[in-house]
Every structure is written in structure tokens, then in C-alpha cells.
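What the coordinates show
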Amino acid sequence: MTLFNYTVLPLVFVSGVWIPATLLCCIPWVQKQMLYLHWVTMWPGKWLHEPERAGFLKNQVARFRIPTQDGERLFAWLIAPLGVYAEHAEEFINEKSGVDGDIEDKMAFKLLRDDPEARLLVYFHGNSATIAQGRRTEEYRMYSSGASDKIFTLTFDYRGFGRSTGSPSETGLLNDGTSVLEWALNLANVSSDRIVLLGHSLGTAVATGVAHHYINHEPPVQFSGLILGAAFTNSGSAFTAYSLADVFPILAPVKTIPLFQAWFSRRMVDTWDTSERLAHLISKSPSFRLVLVHAKDDTTMPWDQSEEIFKSTVQAGVLASQISENSTLTDEEIVEKVGIVDLGEAGRQEVWSQGQRSVSKLIANHGGHNTMMKWGPVSLALLQCFDLVPTSSTRALSVGETRSPI
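Basis of the calculations
- Residues numbered from 1 in each chain as written.
- Predicted model: local features only at pLDDT ≥ 70, side-chain atom pairs only at ≥ 80, totals over all residues.
- Heavy atoms only, no water.
- pLDDT = per-residue confidence, 0-100.
- Contact = heavy atoms within 4.5 Å.
- Buried < 20%, exposed > 50% of the residue type's maximum accessible area, 1.4 Å probe, protein only.
- Helix = DSSP H or I, 4+ residues; strand = E, 2+ residues; numbered from the N terminus.
- Pairing = 2+ DSSP bridges.
- Axes fitted to C-alpha atoms, helices over the stretch in contact; angles between N-to-C directions.
- Expected span 1.5 Å × (residues − 1).
- Phe/Tyr/Trp six-rings, centres within 6.5 Å; stacked < 30°, edge-to-face > 60°.
- Lys NZ or Arg CZ within 6 Å of the ring centre and 35° of its normal.

You'll find the protein chain entered in an unreviewed UniProt entry as Alpha/beta-hydrolase, with Lindgomyces ingoldianus given as the organism.

Here is the structure:
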């Protein structure tokens, strides 16, 4: 245990605040407000309609709305990468600005649709604020920087967030995500093998849920990769792991009592069971590619959540591989398939791979809950998922100097 756990957890126990707080969080309305924080905007709403105020070039961002299958309208940005913009700068500058009008008339859309080599990152943001939040706009630019002639970014506000209509719920946000992917697959005509789903915090649960939805299609639809930053196993664990103001883990005592944790988790209306969905995903997809990124100094969502997800997903992957290969691996053989790489001050990475299935986990030493998403490891993972780096480079981190059991 850390010094933080030795000092803060006893204070939470002694104060007794956690008992009424736990009971309060069993109320569905309270759960909804705490989980989504959609009512916390914090950032200038006009940035949604004026992305140039966040550092983008004129009309580099196409603003439009995506209808959902149940009648809501989601506010979205389609961002052209800088290299593509530079090549067509005059056309972008002379284009009519605004949200109104047909997205199919926008330069960003036409260049994405008509280029069979274009890649599309679909970004699922965390709770609170909007797609125009300052740090999020910095992330979009960072992600396309490694292949500025290839990577377009599609980001959107869930129902109840920003200028999107409706009210958030697990069913609703999954509907939002699938509606956005339907737009990408069918209207923008981007094949699934050129799409990567990237989620942060709450967005990790939504992105996983969307991937889970598509793998159950007939025939199954598989995306090029799934990248999850600061993920959590399920909403019950998220509540008990969450720290108020990044300092006070008000529900932490709940998870120290397994029976209490199980009781509390059963009270969750929106369960967001990412661990279970990932296990199903890797068992059904022979080419499943998952990247987990978390920072040790994340005081909002502890990094042990990603540790748990890595273990459960790899275990499911091992079982699926044994079944498909009609073989049984020994514990030693399983261990040998987990490569560990010391990345120095950047952190530590573990990679499990079997055939075309792979699960990677990078625990960064620094970066906190939000800043980490703007750093190099996430952008590198994106290039690897898009197969925009040589195969030898992609696999380089799969071979470590040491091994450890799952």
C-alpha cells in the first residue's frame, strides 16, 4: 500500500462519510448525475461552432449532426489532418462555413470518403464538458500528427452533452456510438479495417460497448483496433475507485469488503461491464487488437483498473486460442507469451499475443488522468493499430527481457 492509502483510507473509514455516500449513490438519479456529469460544461459553448478558436484552421473541422436510430441528434466534428488540409488549403478556405448544410458537401468528408487509404479515428470522450474542451482539441491534433496525410478524426458529443439532444444512459450512449459508426461505415464509406476506436475514461466503456455490438453482427464487424485510456472494469468499480476532487476516495472502503462491493455493484442501473464485454470480444474475434494505457499517478481512476482488465482479457484470449487450436497451454507457456518491456521513465509495457490476437498494457509513470492522453504512447499505439508503421516496429514491444505470470 502507498502512503496515500495508509493515510487517506483510514480517514474515510473513521469519518463515516462513506456509508451515507454509498447509500446515496444507490439512487438511480444520483448515479446518473455522478457517472455522466453531462451538466458540467465548464468550457465556452461557442467553441463548438468556432473550432478555429481552439487552434484549428479555417474549415479544417466540419461541424455537423448525426441522427441516431431513436431520434436524437448528435453534434459532431470531422477533422481533416494537417497534411490533407495543406494539400487542399484553397478549397478549404473558400468553403462555406457553418453547421447547416449537407456534410457530404464538405471538403473533409469528400476527402475521407474518396481516399481508399484514409484512416478514421473515432474518438469517445470522457464525462463532463464537450468535444470542444481545450485538452481534447489538443489530443485530436496529436493523434493525426504521426500520419498527417492519413488520419481523420471523428468525435461527437453523447446525448445530453453539449449541443446534442436527449439525456444520457447506457442504452442511449451505445445507441449514439453505433449510430456514429453506421455513419462512418455506410455514408463515409470507410471500411472497418481502416477504423480505430479510441476511448478515454467513460469513453472506454462506450467504445468497448460499440465494438462488442459490432462483433455480434452477422457477419461480425471487426475494427482495426481498440485503444482505451484510463479504463475501468465496470461502473460499480468506477464509483468505488473514484476520488472526489482527485484527492478523497469517498467510497473506497466499499471495495475493501468484497460482499459489500458485490452488493453495491448490483445497485448500478448502468453497469458498463467493460471487462465482460472485452472477454466476449477477444473470444469471438481472431484478430482482436486491444491497447490499454493508464498512468500510475492517475488520482481520478486508479491504474489497477487497467491491470484487472488486462488480466481478464488475456485469460479469455488464452482460452479462445486453446479452443481454436484444439490445444491446451501450460501455465509456463502462457507466461512465455507475455512480454514485458521496461520503457524507462516512460513506464512499463506488457504485451500478450497469440496468432492475430493481441492485448497490450502500458502503465505510464506520469501523465495523470487527462494529460497522458496527449502524450506519445497513445499516438504510437494509434499508428500501430492503423498498420502505419512497419510490422517489425509494431511487434518490437512484444518481445521483452523478462516475463511475469497473468
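Points about the confidence of the model for the protein chain
Put simply, the protein chain has an average pLDDT of 86, and 80% of its residues get 70 or more. Residue range residues 11-15 is modelled with pLDDT below 50. Its contacts to residues more than four positions away, or to other chains, number 9 contacts. In the model, residues 393-406 has pLDDT below 50 throughout and makes 38 contacts with residues more than four positions away in sequence or in other chains.

A look at the pairing of strand E7 (residues 289-295)
Burial analysis of E7 places 7 of its 7 residues in the buried class, which makes it a mostly covered element. The side-chain alternation of E7 yields two buried faces, one formed by Arg289, Val291, Val293 and Ala295 and the other by Leu290, Leu292 and His294. Across 4 bridges, strand E6 (residues 225-229) lies against E7 in parallel orientation. By the bridge assignment for E7, Gly229 is matched with Val293. Here E7 runs beside strand E10 (residues 357-364); their pairing, made up of 7 bridges, is parallel. Of the residues in E10, the one forming a bridge with Arg289 is Ser358.

With respect to the sheet that holds strand E2 (residues 73-79)
A sheet is described by the order of its strands in space; here 10 strands give the open sequence E1-E2-E4-E3-E5-E6-E7-E10-E9-E8, paired in mixed fashion. Sheet topology places strand E1 (61-67) and strand E8 (338-342) at the edges, where each strand pairs with a single neighbour. Adjacent strand axes in the sheet meet at a mean angle of 20° when their direction is disregarded. Here 7 bridges tie E1 to E2, and the two strands are oriented antiparallel to one another. Across the sheet, residue Arg63 finds its bridge partner in E2, namely Trp77.

Some details on helix H9 (residues 202-215)
The periodicity of an α-helix, 3.6 residues per turn, causes residues three or four places apart in sequence to face the same way. With 14 residues, H9 extends 21 Å between its outermost C-alpha atoms, agreeing within 8% with the 20 Å of an ideal straight helix rising 1.5 Å per residue. The complete set of buried residues in H9 reads Leu202, Gly203, Thr204, Ala205, Val206, Ala207, Thr208, Gly209, Val210, Ala211, Tyr214 and Ile215. Contacts made by the buried residues of H9 are with helix H3 (28-36), strand E3 (119-124), helix H8 (170-187), strand E5 (195-200), E6 and helix H13 (274-284).

Describing the packing of aromatic side chains
Tallying each qualifying case throughout the model produces 11 aromatic pairs. Ring geometry for Phe56 against Trp77: centres 5.9 Å apart, planes inclined by 85°, an arrangement best described as edge-to-face. Taken as a pair, Phe56 in the loop between H3 and E1 and Trp77 in strand E2 lie far apart in primary sequence, 21 residues in all. Trp77 carries the same exposure label as Phe56, and that label is buried. Taking 5.5 Å as the distance between ring centres and 90° as the angle between the ring planes, the aromatic pair formed by Phe156 and Tyr158 counts as edge-to-face. Through successive ring pairs, a cluster of aromatic residues spans Phe56, Trp77, Tyr123, Tyr140 and Tyr143. Note that Arg141 overlies the ring of Phe56, its terminal NZ or CZ placed 4.8 Å from the centroid. The ring of Trp303 has Lys296 sitting right over it, with the charged end atom 5.6 Å from the ring centre.

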